[in-house]
Amino acid sequence: MRITRLDAIEVLDSRGNPTVEAWLQLEDGSEGSAITPAGASTGANEAAELRDEDPTRYGGRGVQKAVEQVRGEMAGALVGKDPGDQSTLDLLLCELDGTPNKARLGANAILAVSIAYARACAHSLQVPLYRHLGGDDAVVLPVPCLNVINGGRHADNTVDFQEYKIVPHHATSFAESIRMGEEVFHALKKLLQAHGLSTGVGDEGGFAPNLHSNEQAIELILEAITAAGYRPGDDVSLALDPATSEMWHHGRYRFFKSNQSERTSAAMIDLWDDWLQRYPIVLLEDPLAENDWEGWAQITQQLGGQVELVGDDIFCTNPDLLQRGIREGVANAILIKPNQIGTVTETMECAAQAKAAGYGCYVSHRSGETEDTFIADLAVALGCGHIKTGSGCRGERTAKFNRLLRIEHELGERARFAGRAAFVR
Ligand SMILES: O=C(O)[C@@H](CO)OP(=O)(O)O
Ligand SMILES: [Mg+2]
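Residues numbered from 1 in each chain as written. Chains lettered and ligands numbered in written order. Predicted model: local features only at pLDDT ≥ 70, side-chain atom pairs only at ≥ 80, totals over all residues. Heavy atoms only, no water.

J.: Whenever I open this one, the domain arrangement of the protein confuses me. Can you help?
T.: Note: interface size is frequently given as the accessible area lost on complex formation between the parts. Assigned domains within the protein: domain 1 (3-126) and domain 2 (134-421). Look at where the C-alpha atoms of domain 1 and domain 2 centre, and you get two points 27 Å apart. Each partner contributes to the interface: domain 1 provides 31 residues, whereas domain 2 provides 30 residues. Both faces considered, domain 1 and domain 2 share a buried interface measuring about 2400 Å² in area, 50% of it formed by carbon and sulfur atoms. Counting every contact that joins domain 1 to domain 2 gives four salt bridges. Note that Arg15 and Asp203 form a salt bridge whose closest N and O atoms lie 2.6 Å from each other. Applying the counting criterion to the domain 1 and domain 2 interface returns 20 residue pairs in polar contact (both at pLDDT 80 or more). Listed by contribution, the elements that provide at least two residues to the side of domain 1 that touches domain 2 are β3 (31-35), α2 (86-97) and α3 (107-125). Here the side of domain 1 that touches domain 2 gets six residues from one element, more than from any other, and that element is α3. Residue classes in the side of domain 1 that touches domain 2 are distributed as 13 nonpolar, twelve polar and six charged. (Domains from an automatic or database assignment. Contact = heavy atoms within 4.5 Å. Buried area = accessible area lost by both parts, 1.4 Å probe. Salt bridge = Lys/Arg side-chain N within 4 Å of Asp/Glu carboxyl O. Polar contact = N/O pair within 3.5 Å; in protein donor to acceptor, adjacent residues only side chain to side chain. Helix = DSSP H or I, 4+ residues; strand = E, 2+ residues; numbered from the N terminus. Nonpolar A, V, L, I, M, F, W, Y, C, P; charged D, E, K, R; others polar.)

J.: For this particular structure, what's the right way to read unusual backbone geometry?
T.: Glycine aside, residues mostly have negative phi angles, and peptide bonds mostly take the trans form. Its identity as a non-glycine residue notwithstanding, Ala243 has a phi of 45 degrees, on the positive side. Here Ala243 lies in the loop between β7 (236-241) and β8 (248-249). What makes Ala243 buried here is its relative accessible area of 3%. Even without being glycine, His250 reaches a positive phi, approximately 50 degrees. Within the secondary structure, His250 is located in the loop between β8 and β9 (252-254). (Buried < 20%, exposed > 50% of the residue type's maximum accessible area, 1.4 Å probe, protein only.)

J.: How should I be thinking about the packing of helix α1 (residues 64-78) against α3 in this particular structure?
T.: If you want to describe how two helices pack, look at the angle between their axes and the distance between the axes. Axis separation between α1 and α3 bottoms out at 9 Å; the angle between their running directions is 50 degrees. Here α1 is positioned oblique relative to α3, judged by the angle of their axes. By crossing handedness, the relation of α1 to α3 is classed as right-handed. For the pair α1 and α3, contact is made by Ala66, Val70, Met74 and Leu78 and by Asn108, Ala109, Ile110 and Val113, respectively. Among the residues making up the contact of α1 with α3, the classes are represented as seven nonpolar, one polar and no charged. (Axes fitted to C-alpha atoms, helices over the stretch in contact; angles between N-to-C directions. Parallel < 35°, antiparallel > 145°, perpendicular 65-115°, else oblique. Left-handed = near helix turned anticlockwise from the far one by under 90°.)

J.: In this structure, what is going on with the coordination of the magnesium ion (ligand 2)? I would like to understand it.
T.: Taken together, Asp241 (OD), Glu285 (OE) and Asp312 (OD) make up the protein donors of the magnesium ion (ligand 2), found 2.1 to 2.2 Å from the metal. Mapped onto the sequence, the residues coordinating the magnesium ion (ligand 2) show the spacing D-x43-E-x26-D. Taken together, the positions of Asp241 in strand β7 and Glu285 in strand β11 (residues 281-285) put the pair 44 residues apart, joining distant regions of the chain. The pair Asp241 / Glu285 is uniform in exposure class, with both members buried. (Donors = N, O, S within 2.8 Å, 3.2 Å for Na, K, Ca; no water.)

J.: Even after reading the chapter, I still don't get the side chain of Arg51, so can you show me in this structure?
T.: With respect to the secondary-structure elements, Arg51 resides in the loop between β3 and α1. Only 2.8 Å separates the side chain of Arg51 from the backbone oxygen of Pro18, close enough to count as a polar contact. Excluding residues that lie within four positions of it along the chain, Arg51 makes contacts with Pro18, Ala38, Gly60, Arg61, Gly62, Val63 and Lys65.

J.: Just checking my understanding: could you explain the UniProt feature "binding site: (2R)-2-phosphoglycerate" (unreviewed entry) in the protein for this structure?
T.: The feature "binding site: (2R)-2-phosphoglycerate" (unreviewed entry), as given by UniProt, occupies Gln162, Lys337, Arg366, Ser367 and Lys388 in the numbering adopted here. Considering only the residues just annotated, the second largest cavity is lined by Gln162, Lys337, Arg366, Ser367 and Lys388. Structurally, Lys337 is set in the loop between β13 (333-336) and α10 (338-341). A distance of 2.8 Å separates polar atoms of two side chains, one belonging to Lys337 and the other to Asp312. Tracing the backbone through its elements, the reader meets Ser367 in the loop between β14 (360-364) and α12 (374-382). (UniProt positions renumbered as here; feature names shortened; annotations may be inferred. 1 Å grid on protein atoms, 1.4 Å probe; cavity = no way out; pocket = protein on both sides within 12 Å on 5 of 7 lines; lining within 4 Å.)

J.: What is the right way to look at the sheet that holds strand β1 (residues 3-12) in this model?
T.: Backbone-to-backbone hydrogen bonds join strands into a sheet, with any given pair of strands oriented parallel or antiparallel. Strand order in the open sheet formed by three strands is β1-β2-β3, with antiparallel pairing between adjacent strands. Two strands bound the open sheet, and with one partner strand each, they are β1 and β3. Each adjacent strand pair in this sheet contributes to an overall mean axis angle of 15 degrees, direction not counted. Sheet topology note: the strand β2 (residues 18-26)/β3 ladder contains five bridges and is antiparallel. Bridged to Glu21 within β3 is Ile35. (Pairing = 2+ DSSP bridges.)

J.: Would you mind going over the site of ligand 1 with me for this structure?
T.: Close to ligand 1 lie 16 residues; Ala40, Glu163, Glu204, Ser367 and Lys388 are nearest. At a separation of 2.7 Å, an oxygen atom of ligand 1 approaches a polar backbone atom of Ala40. Within the side chain of His365, one N or O atom sits 3.3 Å away from an oxygen atom of ligand 1. Surface burial for ligand 1 is 100%, taken as the share of its 310 Å² of free accessible area covered by protein chains. Of all the cavities here, the one that holds ligand 1 is the second largest cavity. When grouped by side-chain class, the residues that make up the shell around ligand 1 number two nonpolar, six polar and eight charged. Mapping the shell around ligand 1 onto the domain boundaries places at least three of its residues in each of domain 1 (3-126) and domain 2 (134-421). (Near = heavy atom within 4 Å. Areas by Shrake-Rupley, 256 points an atom, 1.4 Å probe, with all protein chains shown as cover. Sits in = over half its atoms within 2 Å of the grid points.)

Quick look at the structure:
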């Protein structure tokens, strides 16, 4: 099926920053479009976004150059061609770019085209996107990990750690799990109000109050779980992404937002060890920084048998970095963010490599999101069993939950909810 049209425009993400939307049409008239998200706490080794650097537009964050790359060079190379399949299209895009990190055409432009092609092909074949990508066995709905308290770089408050998430795993379906998660979210809102704390939300839709300690966030959430009628640890557990690369400062971890104190890598591991003993935490993402490979090997050895340790910044959805991690005994799971690597094929290959090595795969949104629901289909296609896509109160986050609700409904009797078993331990 030949590509007959490729176009792009500059649209907005949930932070009000510009991002790329691409459309693609095949010769049978099937169309697909996609919008690329953007991170704030980005890993140093992520594929490169192309931004305009024109200070008179969006403070230098415009994406008109990236849009031009789609309309110009990419359209020139692809329109009239039949790539045949997703991996050939993605390889063509990588070769056309010619850089190791997609800096010339821009990973933001390349990913939008890659996903738009996947959608157009799914339409052409008249199959849902998750089935087009994952085949007939793509029937497992992920446990949603709802980010209910935001800190770090995602909120202007006193909380050092970026994400405190609830994990409603003791459910029979995704729909039930989301209901449990939302009930806890609403209970938490009441609790914050009762304490006179702010219920304004951060970038990912979690509350962003000023708290007197990083532990207070956990204690409030545990209270909310109980208030909603659930048992912490049995029905609803906790997951954290402290995003500690943002705290890494001259080889130590600095608590920039609370009290300016510092910890060594070993002292950070002690902190997590202590929290694991005190709280029902099933997943720790980026407990240490992307440059702290030694610390990561140490924490994996020490705590990897009792909790899922997810590498986000340290791996950047990059197969080479993942291979190093596997060799050095770093982490037992990987975060999967398509825009960290830049094409659908490379994203899925990275997940396949992780699975083959016994690592868990945890599909993720970015803090700057849009109404695009690709990651919902991706999570089902990969059968990875858990997803993080914010809390349940902002449209760009609920769009993914709603897509998963529709997928579960569409699968009917064939749908399976992943539950607690999805988490590595
Ligand atoms: O650190 C993360 O995992 C993400 C998403 O939650 O944040 P950002 O998109 O800002 O990198
Ligand atoms: Mg992260």
